[in-house]
Amino acid sequence: MAKGLIIIGDGMAGRGVPELNGRTTLEVSKTPNMDRMAKEGICGIADPISPGVRPGSDTAHLAILGYDPYKYYTGRGPFEAIGAGLEVKPGDVAFRMNFATIDRNGIVVDRRAGRIQESDGTAELAGLINGIEIDGVRVYCRQSTAHRGAVVLRGEGLSPEISDTDPHREGMPVMKSKPLSEGAEKTAEVVNKLTEVIAEMFSRSPVNESRKNEGKNPANIALLRGAGAAPHVELFEKKYGIKGSAVVEVGLIKGIARYLGLELLEAPAATGGMDTSPTSMAETTIRALSTYDFVITNMKAPDLGGHDGDFEMKIKAIEMVDEMVGFIIGGLSKVEDDVHIIVSADHATPTTYMDHTGDFVPLIVWGPNVVSDSVSNYSERACMGGGICRIRFADYLPILFNLMGISEKFGA
Ligand code: ZN
Ligand code: ZN
């Protein structure tokens, strides 16, 4: 059976940069491999959700995988929790969490607790509340990257319709969670009791004792935000009848992939940073293609340069994506079947905006059965003239499945 691959350069699309005479970072980057694919394939532009809507990486990936984010996105909490390795079941409520510092009066003085890291003992702190029970509700907690973590509540009658305990800025007290709709009173109460338990347990932890001795801000509280219930989804394999896997670097996208039932394959030298390994990610992708019908591979680096407003960093990151693409194309001979590929970004992260925008992204559809157009390089501007014209992420899998020969006929 033919295989399908989607390669995503995270936040790789952008806008004109004044220092580059109005050219985009994609236009300036040296991307011989993606340019070759653009030449051999058919190009176009795509709106992640719809024109002008600014997507997160999470909603964008849901859309790419054919799950309408308006229907299935229930807040960042559940996906962050799954990405951190917690289980989220129907009926659970999940939160994102920050290890933070409060003063004697309960005022948040540092929302990142001195930029505490996992190596500083966040796992030990999370372990203090993991498994405790409050009013019949079981609490699960796990650290994720840096000062972040996730909490899952499991029990009868829980609701995600509650406010955050995170005041979202320093100099404010830890907020009391309030019910935002009828029936959410119990959940808010459990969260408030949990916050008291956290304050007490964290303040006694040896982790904080040593932080204080080193003159660092203690992680003496955890702030909860982004409450969400686990969405009910049809798993990828059930929905499409094929087995999928993901080679992705960051927790949030891992969470989405795992939740949809994609097998997560870890590239040994992938880091999610500028020091990631294009070769390692490419090798893992090729290996995945030998076993699975569908693979999605995401390299995070371009998004980082975009958020930092650093166009030189972003150019370097785009060239790393191109390097990975080159290794993948070079390795396709190791896969027994035909491989059909879409190359795209999950959204634009222009260095001039330093966050995601609602702009379109350029895409390439490449494979043995594609009728090529006249586009010969991969960029926002060049792909505007491509044969695919303008589509949405929701169209990606139907296009791929059609080329793979696994689409069902509509009608007689
Ligand atoms: Zn992204
Ligand atoms: Zn981003």
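What you see is a predicted model, and the numbers here were worked out from it, not measured in a lab.

Examining the overall build of the protein chain
Then comes step 1: Assigned secondary structure in the protein chain consists of 15 helices and 14 strands.
Then comes step 2: For the protein chain, whose C-alpha radius of gyration is 23 Å, the value lies close to the compact-globule estimate of 22 Å for 412 residues.
Then comes step 3: Projected onto the principal axes, the alpha-carbon positions of the protein chain cover approximately 65 × 55 × 35 Å.
Then comes step 4: Out of the 412 residues belonging to the protein chain, those deemed buried represent 56%.
Then comes step 5: Nonlocal contacts in the protein chain, meaning residues at least 24 apart in sequence, comprise 73% of its contacts between residues at least 6 apart.
Then comes step 6: Accessible surface, the protein chain as shown: approximately 17300 Å² in total, 48% of it carbon and sulfur.

Concerning the domain arrangement of the protein chain
Then comes step 1: Examined at the domain level, the protein chain breaks down into domain 1 (3–73 + 233–404) and domain 2 (80–228).
Then comes step 2: Placing a centre on the C-alpha atoms of domain 1 and another on those of domain 2 gives a separation of 34 Å.
Then comes step 3: Of the roughly 450 Å² buried between domain 1 and domain 2, counting both surfaces, carbon and sulfur atoms make up 64%.
Then comes step 4: Looking only at domain 1, the three residues that lose the most surface to domain 2 are Leu 252, Arg 258 and Tyr 259, adding up to 70% of its buried area.
Then comes step 5: Seen at the junction of domain 1 and domain 2, the total is 0 salt bridges.
Then comes step 6: At the junction of domain 1 and domain 2, the tally comes to 1 residue pair in polar contact (both at pLDDT 80 or more).
Then comes step 7: A breakdown of the residues in the side of domain 1 that touches domain 2 according to their chemical character gives 2 nonpolar, 2 polar and 1 charged.

Focus on the coordination of the zinc ion (ligand 1)
Tetrahedral metal sites with four donors have an ideal angle of 109.5 degrees; octahedral sites with six donors have ideal angles of 90 or 180 degrees.
Then comes step 1: Within the first shell, the zinc ion (ligand 1) binds the protein through Asp 10 (OD), Ser 57 (OG), Asp 346 (OD) and His 347 (NE2), at distances of 1.9 to 2.1 Å.
Then comes step 2: Its 4 donor atoms give the zinc ion (ligand 1) angles of 102 to 120° at the centre, a pattern that matches the tetrahedral case.
Then comes step 3: Summarised as a motif, the one-chain spacing of the donors to the zinc ion (ligand 1) is D-x46-S-x288-D-H.
Then comes step 4: Between the zinc ion (ligand 1) and the zinc ion (ligand 2) there is a metal-metal distance of 4.7 Å. Placement of the pair is Ser 57 in helix α3 (residues 57–64) and Asp 346 in the loop between β12 (339–345) and β13 (361–366), with a sequence separation of 289 residues. Assigned by exposure class, Ser 57 and Asp 346 land together as buried.

Digging into the layout of surface pockets
Then comes step 1: Its boundaries defined by the atoms lining it, the largest pocket holds a volume of some 1200 Å³.
Then comes step 2: Of the residues in the lining of the largest pocket, the class split is 11 nonpolar, 14 polar and 14 charged.
Then comes step 3: Three or more residues apiece are contributed to the lining of the largest pocket by two domains, here domain 1 (3–73 + 233–404) and domain 2 (80–228).
Then comes step 4: In this structure, the second largest pocket encloses a volume near 180 Å³.
Then comes step 5: Looking at the second largest pocket, the residues that line it are Ile 102, Gly 106, Val 174, Met 175, Lys 176, Asn 192, Thr 195, Glu 196, Ala 199 and Ile 221.
Then comes step 6: A total of 4 residues in the lining of the second largest pocket trace back to one element, the largest contributor, which is helix α7 (residues 185–203).
Then comes step 7: Among the residues forming the lining of the second largest pocket, the class breakdown is 5 nonpolar, 3 polar and 2 charged.

Remarks on empty space enclosed by the protein
Any empty space left between atoms is shown by rolling a water-sized probe over those atoms.
Then comes step 1: One pass over the structure, following the stated rule, counts 1 cavity of 30 Å³ or more.
Then comes step 2: When its volume is computed, the largest cavity comes out at roughly 30 Å³.
Then comes step 3: Elements supplying a minimum of two residues to the lining of the largest cavity: β9 (244–248) and α10 (251–259).
Then comes step 4: When the residues that make up the lining of the largest cavity are grouped by side-chain class, the tally is 7 nonpolar, 1 polar and no charged.

Quick notes on the sheet that holds β13
Then comes step 1: The strand order across the open sheet formed by 8 strands is β10-β9-β11-β1-β12-β13-β2-β14, and the pairing between neighbours is mixed. Edge positions in the sheet fall to β10 (263–264) and β14 (389–392), since each of these pairs with one other strand and no more.
Then comes step 2: The strands touched by helix α2 (residues 32–40) are β2 (42–47), β12 and β13; relative to β13, the strand with the most contacts, the crossing angle is about 65°.

What to know about the coordination of the zinc ion (ligand 2)
Then comes step 1: Those protein atoms acting as donors to the zinc ion (ligand 2) are Asp 303 (OD), Asp 303 (OD), His 307 (NE2) and His 356 (NE2), and they sit at 2.0 to 2.6 Å.
Then comes step 2: Classification of the site at the zinc ion (ligand 2) rests on its 4 donor atoms, whose angles at the metal span 54 to 145°, yielding the label irregular.
Then comes step 3: Read N to C, the donor residues that coordinate the zinc ion (ligand 2) are spaced as D-x3-H-x48-H.
Then comes step 4: Accessibility expressed as a relative area gives 27% for His 307, which makes it partly exposed.
Then comes step 5: Judged by relative accessible area, which is 10%, His 356 ranks as buried.

About the criteria used
- Residues numbered from 1 in each chain as written.
- Chains lettered and ligands numbered in written order.
- Predicted model: local features only at pLDDT ≥ 70, side-chain atom pairs only at ≥ 80, totals over all residues.
- Heavy atoms only, no water.
- Helix = DSSP H or I, 4+ residues; strand = E, 2+ residues; numbered from the N terminus.
- Rg over C-alpha atoms; globule rule 2.2 N^0.38 Å.
- Buried < 20%, exposed > 50% of the residue type's maximum accessible area, 1.4 Å probe, protein only.
- Contact = heavy atoms within 4.5 Å.
- Areas by Shrake-Rupley, 256 points an atom, 1.4 Å probe, with all protein chains shown as cover.
- Domains from an automatic or database assignment.
- Buried area = accessible area lost by both parts, 1.4 Å probe.
- Salt bridge = Lys/Arg side-chain N within 4 Å of Asp/Glu carboxyl O.
- Polar contact = N/O pair within 3.5 Å; in protein donor to acceptor, adjacent residues only side chain to side chain.
- Nonpolar A, V, L, I, M, F, W, Y, C, P; charged D, E, K, R; others polar.
- Donors = N, O, S within 2.8 Å, 3.2 Å for Na, K, Ca; no water.
- Tetrahedral: all angles 85-135°; square planar, octahedral: opposite > 155°, others 65-115°.
- 1 Å grid on protein atoms, 1.4 Å probe; cavity = no way out; pocket = protein on both sides within 12 Å on 5 of 7 lines; lining within 4 Å.
- Points joined across faces, edges and corners; volume = space filled by probe spheres on them.
- Pairing = 2+ DSSP bridges.
- Axes fitted to C-alpha atoms, helices over the stretch in contact; angles between N-to-C directions.

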